[in-house]
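# Architecture and fold: a report
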Amino acid sequence: TGTAVGIDLGVASLVTTSEGEHLANPRHLAACAERLAAAQRDLSRKKRGSARRRKAVARVAALHAKVRRQRLDGAHKAALALVGGYDVIVHEDLRIANLTRSASGTLAAPGVNVAAKSGLNRSILDAGLGVFLTILSHKAESAGRELIAVNPANTSRTCARCGHCAKENRVTQAEFRCVSCGHAAHADVNAATNILRAGLALRDAAEAA
Ligand SMILES: [Zn+2]
């Protein structure tokens, strides 16, 4: 009984649902993260003990606080919308997702094709995903909603209509077009649909056992 939804977590939209909703578009957060990254680079060039360095440290701290506030605000709004609208919410297991993601580079170890700048930005935005899931799990628990975590492997390259899995299905970051059946969708909505299906399969298996 009740309604179930799959959610894809990302940088362009914090949450994209299998119903096609985009929650908490973090455009302001992205702009702020950009400024924070620039301020951190600026800080790294200042001489130790100098007045300019102290100023740069204060600027980085202020931007950090701003990013944190915006992140919490977006996460609370998105989590409330989900808990208010659905009984079962299926999301990617981020501990697994982060392992997959590290192939494209992180701040600690930039990937071969990833510039340090985008790596830094990415890590600032990625940190918000964990915060969001923590908030979502608290709200889901107090509202009596079920939260299911699934392995995100291949959810972004598998066709939600026919199941064909190929990296060529992913035309661009935002566009999915199945090379087998022609199914076209927003890439994140396609992924969210696969995440929902994986979660419901897990749940059925658990009930059958
Ligand atoms: Zn297909």
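This text goes with the structure placed above it.
To keep things clear, this report deals only with the structure shown in the data block. (Residues numbered from 1 in each chain as written. Predicted model: local features only at pLDDT ≥ 70, side-chain atom pairs only at ≥ 80, totals over all residues. Heavy atoms only, no water.)

### A closer look at the sheet that holds strand β2 (residues 15-17)
So the rule is basically this: When DSSP finds two or more bridges between two strands, those strands count as paired. Only runs of H or I of at least four residues qualify as helices and only runs of E of at least two qualify as strands under DSSP, and these elements are numbered from the N terminus. We call two residues contacting when some pair of their heavy atoms lies within 4.5 Å. Every angle, taken between N-to-C directions, lies between 0 and 180 degrees, and every axis is a line fitted to C-alpha atoms, over only the stretch in contact when it is a helix.
Spatial ordering of the open sheet is given by β3-β2-β1-β4-β5, a layout of 5 strands whose pairing is mixed. Whereas interior strands pair on both sides, the edge strands pair on one side only; in this sheet they are β3 (22-23) and β5 (146-150). With 2 bridges joining them, β2 and β3 adopt antiparallel strand pairing. Looking at the pairing, Thr 16 lines up with His 22 of β3. Against the sheet, helix α5 (residues 187-208) engages β1 (4-9), β2, β4 (88-92) and β5, with an angle of about 130 degrees to β1.

### Looking at the coordination of the zinc ion
Going by this rule: Listed donor atoms are N, O and S within 2.8 Å of the metal (Na, K and Ca: 3.2 Å). As water is not included, a site may look incomplete. In this scheme the shape depends on donor count and angles: four donors with every angle between 85 and 135 degrees give tetrahedral, four or six donors with opposite pairs above 155 degrees and others between 65 and 115 give square planar or octahedral in turn, and any other case is irregular.
Surrounding the zinc ion are the protein donor atoms Cys 159 (SG), Cys 162 (SG), Cys 178 (SG) and Cys 181 (SG), at 2.3 to 2.4 Å. One can describe the donor arrangement at the zinc ion as tetrahedral, given that its 4 donor atoms subtend angles of 107 to 114 degrees at the metal. Each donor residue of the zinc ion belongs to the same chain, and together they define the spacing C-x2-C-x15-C-x2-C. Of this pair, Cys 162 sits in the loop between β5 and β6 (175-177) while Cys 178 is found in the loop between β6 and β7 (184-186), placing the two residues 16 residues apart along the sequence.

### So, the side chain of Asp 188
Put simply, the rule is: Only protein chains enter the accessibility calculation, which uses a 1.4 Å probe. A residue is then buried if its area is under 20% of the maximum for its type, exposed if over 50%, and partly exposed in between. Working convention for charge: Lys and Arg count positive, Asp and Glu count negative, and His plus the chain ends are omitted. In the sections that follow, a salt bridge refers to a side-chain nitrogen of Lys or Arg positioned within 4 Å of a carboxyl oxygen of Asp or Glu.
In this structure, Asp 188 sits in helix α5. Of the buried charged residues, Asp 188 lacks a salt bridge, with Arg 170 as the closest side chain of opposite charge at 4.1 Å. Every residue in contact with Asp 188, bar those within four places of it in the chain, is listed here: Asp 8, Thr 16 and Arg 170.

### A look at unusual backbone geometry
For residues that are not glycine, phi is negative in most cases, and the peptide bond is trans in most cases. Phi at Asn 154 takes a positive value of approximately 70 degrees, unusual for a residue other than glycine. Mapped onto the elements of the fold, Asn 154 is located in the loop between β5 and β6. Taking the relative accessible area as the measure of exposure, Asn 154 reaches 40% and is therefore partly exposed.

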